[in-house]
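# Architecture at a glance
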Amino acid sequence: VQLVQSGGGLVQPGGSLRLSCAASGFTFSNYAMSWYRQAPGKERELVATIASGGGRTNYADSVKGRFTISRDNAKNTVYLQMNSLKPEDTAVYYCNVLRVGVKYWGQGAQVTVSS
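Reference entry: report on the structure contained in this document. Since the structure is predicted, the reported quantities are computational estimates derived from the model, not experimental observations. (Residues numbered from 1 in each chain as written. Predicted model: local features only at pLDDT ≥ 70, side-chain atom pairs only at ≥ 80, totals over all residues. Heavy atoms only, no water.)

### Topic: the nonpolar core
The biggest cluster of nonpolar side chains holds 29 residues, and the ones touching the most others in it are W35, L80, M82 and Y93. When residues of this core are traced back to their parent elements, those giving at least two are strand 3 (17-24), strand 4 (33-38), strand 5 (45-50), strand 7 (67-72), strand 8 (77-82), strand 9 (91-99) and strand 11 (109-113). With residues up to four places along the chain from it excluded, the contact list for L80 reads L17, R18, L19, W35, V47, A48, F67, T68, I69 and Y93. (Core = buried A, V, L, I, M, F, W, Y, C linked by side-chain atoms within 4.5 Å. Buried < 20%, exposed > 50% of the residue type's maximum accessible area, 1.4 Å probe, protein only. Helix = DSSP H or I, 4+ residues; strand = E, 2+ residues; numbered from the N terminus. Contact = heavy atoms within 4.5 Å.)

If you want it as structure tokens, here you go:
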């Protein structure tokens, strides 16, 4: 299993970013995918999850209405569109899949929201 992330960077408050996560080594369309984040000095937290077919999504209360998780099963890729970013969204973001009882992680992408 391999999860390769792209995106992230520095953005001003109110701005937008999109993260991508390209998956390989497993049948992507069979598994729910998630995004987590970890801010300095804090525990890693679940941000959003999307079902295998893409028809059901769940979000942390802190990002509802601002972030959108989506997936393209033809491209084996999951996305996180982040709008109206706030300084408190600053964190390292990780894509994740739970497969056969094992959690696999992307390499992480730094998102910094600052003026």
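This is not the end of the story, as more comes after the structure.
### Remarks on the sheet that holds strand 1 (residues 2-6)
Spatially, 4 strands are ordered 1-3-8-7 in an open sheet, and the strand pairing comes out antiparallel. Two strands close off the open sheet at either side, each with one partner strand: strand 1 and strand 7. Geometrically, the sheet is characterised by an average inter-axis angle of 20 degrees between neighbouring strands, direction not taken into account. When strand 7 meets strand 8, the two strands line up antiparallel, connected through 6 bridges. Bridge pairing in strand 8 links I69 to L80. (Pairing = 2+ DSSP bridges. Axes fitted to C-alpha atoms, helices over the stretch in contact; angles between N-to-C directions.)

### Side note on unusual backbone geometry
We note that S84 has phi near 50 degrees; this positive angle belongs to a residue other than glycine. Its identity is not glycine, yet V100 carries a phi of approximately 50 degrees, on the positive side. Inspection of the secondary structure puts V100 in the loop between strand 9 and strand 10 (102-105).

### Considering the state of the cysteines
Between two cysteines, a covalent bond joining their sulfur atoms is known as a disulfide. Enumeration over the complete set of coordinates arrives at 1 disulfide. Paired through a disulfide, C21 and C95 show a sulfur-sulfur distance of 2.1 Å. Here C21 and C95 share a disulfide; its torsion about the S-S bond, 55 degrees, makes the bridge right-handed. In this pair, C21 sits in strand 3 while C95 sits in strand 9, placing the two residues 74 residues apart along the sequence. Neither residue differs from the other here; C21 and C95 are each classed as buried. (Disulfide = S-S within 2.5 Å.)

### Considering the side chain of D89
Among the secondary structure elements, D89 is positioned in the loop between strand 8 and strand 9. Since its relative accessible area comes to 0%, D89 is described here as buried. At 2.7 Å, the side chain of D89 and the side chain of R66 are in polar contact. Beyond its immediate sequence surroundings of up to four residues, D89 is in contact with R37, R66, F67, S84, V111 and V113. (Polar contact = N/O pair within 3.5 Å; in protein donor to acceptor, adjacent residues only side chain to side chain.)

### Regarding the packing of aromatic side chains
Tallied over the full model, the rule gives 4 aromatic pairs. Ring centres of Y94 and W105 lie 6.2 Å apart, and the angle between their planes is 80 degrees; on these two criteria the pair is classed as edge-to-face. Taken together, the positions of Y94 in strand 9 and W105 in strand 10 put the pair 11 residues apart, joining distant regions of the chain. For Y94, a relative accessible area of 15% corresponds to the buried category. Joined through ring pairs, the aromatic side chains of F26, F28 and Y31 make up one cluster. Over the ring of W105 we find R44; its NZ or CZ atom is 4.4 Å from the centre of that ring. Seen from the ring of F28, R71 lies directly overhead, with NZ or CZ sitting 4.3 Å from the centre. (Phe/Tyr/Trp six-rings, centres within 6.5 Å; stacked < 30°, edge-to-face > 60°. Lys NZ or Arg CZ within 6 Å of the ring centre and 35° of its normal.)

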